[in-house]
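Chain by chain, the residues run as shown.
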Amino acid sequence: MTNGSTRNRLKQKVKSHIPKDWLTEIRIAYRILIETFKGIGQTGFVINIAIITSMAAILLIFGAIFRTTLSLSSLVDEMGGTLEISVYLEPQADVNGTIKNIKKIKHVKNVGFISKEKSWNDLKREIEMPDIDNPLPDVLRVKVDNMKNIDAIMTGVKKLPDIQDMGYAKELAQKAETLNRISHTVTLVVMFVASLLTITIINNTIQLVIQSKKDEIEIMRLMGVSNWYIKCPLVLQGAIYGFLGALLAVVPINILQKYFQAFHAHFSIPVFNYAQALVVLSVILMGVVFSASGSLMSIKKHLQV
């Protein structure tokens, strides 16, 4: 009896030092993949094509609008960087002192000076002027770093002495900013609608798979198969649909990239760094994540595991 107890303790001690059977883990993963592709096969070729193309169309719309938003943001930022505030000085103004004070204001990129003599000579070259004294003031061209900071800069400049008046292309700036805001809002709305449609499509698809495998799933339950083993193939099936739909959507998105590059080149707008890579990654992540989420929702709703 003592020998038996000692033998059992020795077996337990040896077993605790034996590494887990990684071949078993591989076999489980292999079986999960087999069940995943089996579920895709049971769904039917025509339905699979319909699901993937529907997903691709949804993700294509999202990707195209997202890419457009990035280009519009680059356009607005470029306009903000080239936008100038015209500051008109008093006749006896200290030009150098005023320039130094304006440069101290936050978000000011640069300050240029145009003398009243130069402005007057340029005007006389363009149109015939009577022989009168120069009525024009000296002008400072204040460049801002971003369109959003114009009001703050103008408020700071107004507090300085020797300032007669100021002005800038306010309507153009407001329209550009409004367009940028609208594009961001539309992108968020389209993303929400696309995610809702993606989840709905995958939810209905996985529901059909669950119904077709109901008896098989019940048998696995009776055999004591773990819940995650039952869930994983269904979640992977949804993720695969999303991934394939995203890959299909990326093809026309890459074609659209040529037109966006032409747009940037035509208006001399710097290209948003890694814009295309960001759009492609977003489309793929959106397709996979929301499709897998749709599968999980369907499992919780139609399969009590």
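Reading the values: the criteria
- Within every chain, residues take consecutive numbers counted from 1 along the sequence as written.
- Only residues with pLDDT of at least 70 get local features here, since the model is predicted, and only at 80 or more are side-chain atom pairs given and counted; chain-wide, interface and lining totals rely on the full set of residues.
- Hydrogens and waters are ignored; side-chain quantities use all the structure's heavy atoms.
- Each helix corresponds to a stretch of at least 4 residues labelled H or I by DSSP, and each strand to a stretch of at least 2 residues labelled E; elements are numbered beginning at the N terminus.
- Working definition: with a 1.4 Å probe on protein chains only, accessible area under 20% of the residue-type maximum means buried, over 50% means exposed, and in between means partly exposed.
- Contacts are assigned to residue pairs with any non-hydrogen atoms lying within 4.5 Å of each other.
- Shrake-Rupley sampling with a 1.4 Å probe provides the accessible areas, and residues are treated as covered by the protein chains on show and by no other component.
- Two N or O atoms form a polar contact when they lie within 3.5 Å of each other; inside protein one atom must be a possible hydrogen donor and the other a possible acceptor, and for residues adjacent in sequence the pair counts only when both atoms belong to side chains.
- The arc in question is traced by the directions running from the helix axis to the C-beta atoms.
- We call a set of buried residues a nonpolar core when its members are Ala, Val, Leu, Ile, Met, Phe, Trp, Tyr or Cys and they connect through side-chain atoms within 4.5 Å of each other.
- Scored between 0 and 100, pLDDT is the confidence that the predictor attaches to each residue.
- Think of it this way: DSSP has to see at least two bridges between two strands before they count as a pair.
- Definition used for salt bridges: Asp or Glu carboxyl oxygen within 4 Å of a side-chain nitrogen of Lys or Arg.
- Only centres within 6.5 Å qualify two rings of Phe, Tyr or Trp (six-membered ring in Trp) as a pair; their planes then separate them into stacked at under 30 degrees, edge-to-face at over 60, and tilted for everything else.
- Each helix should span, by expectation, one fewer than its residue count multiplied by 1.5 Å.
- A residue's bend is given by the angle between axes fitted to the 7 residues ending at it and the 7 residues starting at it.
- In this analysis an axis means a line fitted to C-alpha atoms, helices contributing only their contacting stretch, and an angle means the value between N-to-C directions, from 0 to 180 degrees.

Caption draft 1: Inspection of the overall build of the protein chain at higher detail. Scanning the protein chain from N- to C-terminus turns up 10 helices and four strands. Order of helices (α) and strands (β) in the protein chain, N terminus to C terminus: α-α-α-β-α-β-α-β-α-β-α-α-α-α. The burial tally for the protein chain puts 38% of its 305 residues in the buried class. Pairs at least 24 apart in sequence give 85% of the contacts found in the protein chain among residues at least 6 apart. For the protein chain, the accessible surface area stands at approximately 18,800 Å², while carbon and sulfur atoms represent 63% of it.

Caption draft 2: Expanded view of the side chain of S71. In this structure, S71 sits in helix α3 (residues 45–82). Side-chain polar atoms of S71 contact the side chain of R67, separated by 2.8 Å. The contact partners of S71, leaving out residues within four places of it in the chain, are F260, F263 and H264.

Caption draft 3: Quick peek at helix α6 (residues 150–158). If you check which residues of α6 are buried, you get I150, I153, M154, G156 and V157. Around the axis of α6, the buried residues are gathered within 160° of arc, so they sit on the same side. α6 presents D151 and K158 as exposed residues on the side facing more than 90 degrees away from its buried surface. Residues of α6 that are buried sit in contact with β1 (84–89), α4 (95–103), β2 (108–114), β3 (139–144) and β4 (163–167).

Caption draft 4: Representation of the nonpolar core. Formed by 23 residues in total, the largest nonpolar core has its most connected members in I85, V87, I102, L140, V142, I153 and V157. Going through the elements one at a time, β1, α4, β2, β3, α6 and β4 are the ones with two or more residues in this core. With sequence-adjacent residues up to four places away left out, V87 is seen in contact with D138, V139, L140, V142, V157, I163, D165 and M166. Formed by 15 residues, the second largest nonpolar core is a distinct cluster that contains I58, F66, L70 and A249.

Caption draft 5: Structural context of the confidence of the model for the protein chain. On average, residues of the protein chain carry a pLDDT of 80, and 85% of them reach 70 or more. Per-element confidence in the protein chain is highest for α4, whose mean pLDDT is 88, and lowest for helix α1 (residues 2–16), whose mean pLDDT is 54.

Caption draft 6: Structural context of the environment of L247. Mapped onto the secondary structure, L247 falls in helix α9 (residues 227–266). L247 gets classed as partly exposed once you look at its relative accessible area, which sits at 38%. In sequence terms L247 and V283 are 36 residues apart; their C-alpha atoms lie 8.6 Å from each other.

Caption draft 7: Molecular detail of unusual backbone geometry. Here H107, not a glycine, exhibits a phi torsion of approximately 75°, which is positive. By relative accessible area, H107 is classed as partly exposed at 36%.

Caption draft 8: Representation of the pairing of β1 within the structure. As judged from the five bridges shared by β1 and β3, these two strands associate in the antiparallel manner. Note on β3: the bridge partner recorded for S86 is R141. Note that β1 and β4 share four bridges and pair antiparallel. When the bridges of β4 are listed, Y88 appears paired with D165.

Caption draft 9: Focus on the pattern of salt bridges. All chains considered together, the criterion is met by one salt bridge. A salt bridge links R31 to E35; the nearest nitrogen and oxygen atoms lie 3.3 Å apart. Taken together, the residues R31 and E35, both in helix α2 (residues 22–43) and four residues apart, mark about one turn of the helix. Of the residues examined, E35 reaches a relative accessible area of 7% and is grouped as buried.

Caption draft 10: The arrangement of the packing of aromatic side chains in detail. Here the structure, examined in full by the defined rule, presents one aromatic pair. Between the aromatic rings of F62 and F66, the centroid separation amounts to 5.8 Å while the plane-to-plane angle is 20°, which identifies the pairing as stacked. Here F66 and F62 lie together in helix α3, a separation of four residues that amounts to about one turn. Here F62 falls in the buried class, since its relative accessible area comes to 4%.

Caption draft 11: Geometry of α9. Compared with an ideal rise of 1.5 Å per residue, which puts 40 residues at 58 Å, α9 spans 57 Å between its outermost C-alpha atoms and is within 8% of the ideal. Largest kink in α9: about 25°, centred on V250, with the proline P252 one to four residues after it.

Caption draft 12: Just the sheet that holds β1, in detail. On the basis of which strands lie adjacent, the open sheet formed by four strands has the order β2-β3-β1-β4 and antiparallel pairing. Taken across any chain shown, the strands that pair with only one partner, and hence form the sheet edges, are β2 and β4. Taking each pair of neighbouring strands and ignoring which way they run, the sheet shows an average axis angle of 25°.

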